[in-house]
Structures are given as C-alpha cells and as structure tokens.
Amino acid sequence: MTVLVAYATHSGATRTLAETLAAALRAEGLEADLVDLEEHPDPDGHDAVVLGSGVRVESVEKSAAHWARRHAETLAGRPFAFFSCSGSAADPAKRETQKATDTFLADLPVTPVAVRNFPGWVLMDRIPLHERVLLKSMRTPTGDFRDLPAVEAWGREIAPLLRG
Ligand SMILES: Cc1cc2nc3c(=O)[nH]c(=O)nc-3n(C[C@H](O)[C@H](O)[C@H](O)COP(=O)(O)O)c2cc1C
C-alpha cells in the first residue's frame, strides 16, 4: 500500500519532519511518497495520506488549507492524518491544542485518524527580513526545537492506522 506524505513549508522545518516521518513509515513496511505541495500531488491513487504544514500567524499554510479542501472528498475516502510544525509546540503545554490545527480541521469535512502538533524551528537566517521584524515584535523564542525521535515514534504509532 502507498502513503502520500505531502507537506507545505516556508523555512524548511516541516520538510525535515515529513522526511523523518516518511522514513519511519517505510521502516514499518509502508511505501511512502514524499511530495511538496508545490508539486500539486494528487491524493487519488494513494491508499492513505499524511499532510504536514508549517504554522504562520496562527494558521496552517494557505497551500495546505486549499489543497485539503480541494481534495476533501478523496481524503475522506481513506485514512488521513495531519501534523503541524510550529514554534509554539516547543512549549509542551501548547502541544495539545494548536489554534492553527484546530481551526483548519474544524473547517475540513474529513475526520483524521491521527493529529499531532510538532515543534519546528525558528531560525532568523531562514526567514525574510520583514518577517523577522514581526517575530521580534512578538518576542517569539528562536532556535531549533525539532524532536525527530518523537516524529519517528508517531510514524510507528500511525502506521497501523494508515493501513486501515
Ligand atoms: C512570519 C511567521 C509567523 C509565525 N507565526 C507562528 C504562530 O502564529 N504560531 C506558532 O506557533 N509559530 C509561528 N511561527 C513559527 C513557525 O511555525 C516555525 O518557524 C515553523 O518551524 C515553520 O515551519 P516551516 O519551516 O516548515 O515553514 C511563525 C514563523 C514565521 C516566520
């Protein structure tokens, strides 16, 4: 069976999480196709789908929201999992509820088999100047907060759910 692992990223953190997840799913015996949403992947033809998105200004990436809505019928017909990648999930207290994730899923007519909010990175040298100003004004903590072993563990956890 094949799983589409599709992701939307601005500064690259979500890509690294998606790569880690795809490798973990392959280690569980699934065939995982890793595709940037910029390539407009077609979820049809895959038996299951995982979508990952970075978070900006308390929203998932617009491309992720548009893609999911456009393919909602297809996603509803197979196991679908979602993960976010954000700065705030670096705080364990904020991992359970992520406004961007909750708003996105509330608007989507698809019930995911699994949802997780992972910490990403906030690295100023990967962010355009005007956004650095915004982040500094919001006093956003900077650093690499990724927990790739947690992503691998989630891959092991959701593999049976994606098999359906
Ligand atoms: C302009 C901007 C706005 C952001 N807004 C939020 C936010 O509202 N909440 C949050 O938790 N993280 C926020 N972040 C941090 C990102 O979610 C974090 O850098 C994440 O790793 C981005 O994923 P990406 O590298 O795949 O784009 C913001 C980052 C930028 C550059």
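Residues numbered from 1 in each chain as written. Predicted model: local features only at pLDDT ≥ 70, side-chain atom pairs only at ≥ 80, totals over all residues.

An unreviewed UniProt entry lists the protein under the name Flavodoxin, from Brachybacterium saurashtrense.

1. Digging into the environment of V50
Within the secondary structure, V50 sits in strand β3 (residues 48–56). Since 28 C-beta atoms lie within 10 Å of it, V50 is described here as buried. Along the chain, V50 and A22 lie 28 residues apart, while their C-alpha atoms are 9.3 Å from each other. For V50, the contacting residues outside a window of four places in its chain are V3, V5, L21 and A81. (Helix = DSSP H or I, 4+ residues; strand = E, 2+ residues; numbered from the N terminus. Buried ≥ 20, exposed ≤ 12 C-beta atoms within 10 Å, placed from the backbone. Contact = placed C-beta atoms within 7 Å.)

2. Focus: the UniProt feature "domain: Flavodoxin-like" (unreviewed entry) in the protein
Those places that UniProt annotates as "domain: Flavodoxin-like" (unreviewed entry) correspond, in this numbering, to residues 3–159. The distance separating the terminal C-alpha atoms of residues 3–159 is 10 Å; by composition the span is 37% helix and 25% strand. (UniProt positions renumbered as here; feature names shortened; annotations may be inferred.)

3. What about the environment of V57?
Locating V57 in the fold gives a position in the loop between β3 and β4 (59–60). Since 8 C-beta atoms lie within 10 Å of it, V57 is described here as exposed. Along the primary structure V57 and V115 are separated by 58 residues, whereas in three dimensions their C-alpha atoms are 20 Å apart.

4. Quick word on the site of the ligand
The local shell around the ligand holds 22 residues, among which A13, T14, G54, S88 and G120 are the closest. Elements that contribute at least two residues to the shell around the ligand include exactly α1 (13–27), β3, β5 (80–86), β7 (121–122) and α5 (129–137). Counted by class, the shell around the ligand contains nine nonpolar, ten polar and three charged residues. (Near = placed C-beta within 6 Å. Nonpolar A, V, L, I, M, F, W, Y, C, P; charged D, E, K, R; others polar.)

5. Things to note about the pairing of strand β6 (residues 114–119)
As paired elements, β5 and β6 share six bridges and run parallel to each other. Residue pairing for β6: F83 is matched across the bridge by R116. (Pairing = 2+ DSSP bridges.)

6. Focus on unusual backbone geometry
Despite not being glycine, E58 has its phi angle at roughly 55 degrees, a positive value. Within the fold, E58 resides in the loop between β3 and β4. Although it is not a glycine, R139 adopts a positive phi angle of roughly 55 degrees. Positionally, R139 belongs in the loop between α5 and β8 (143–144).

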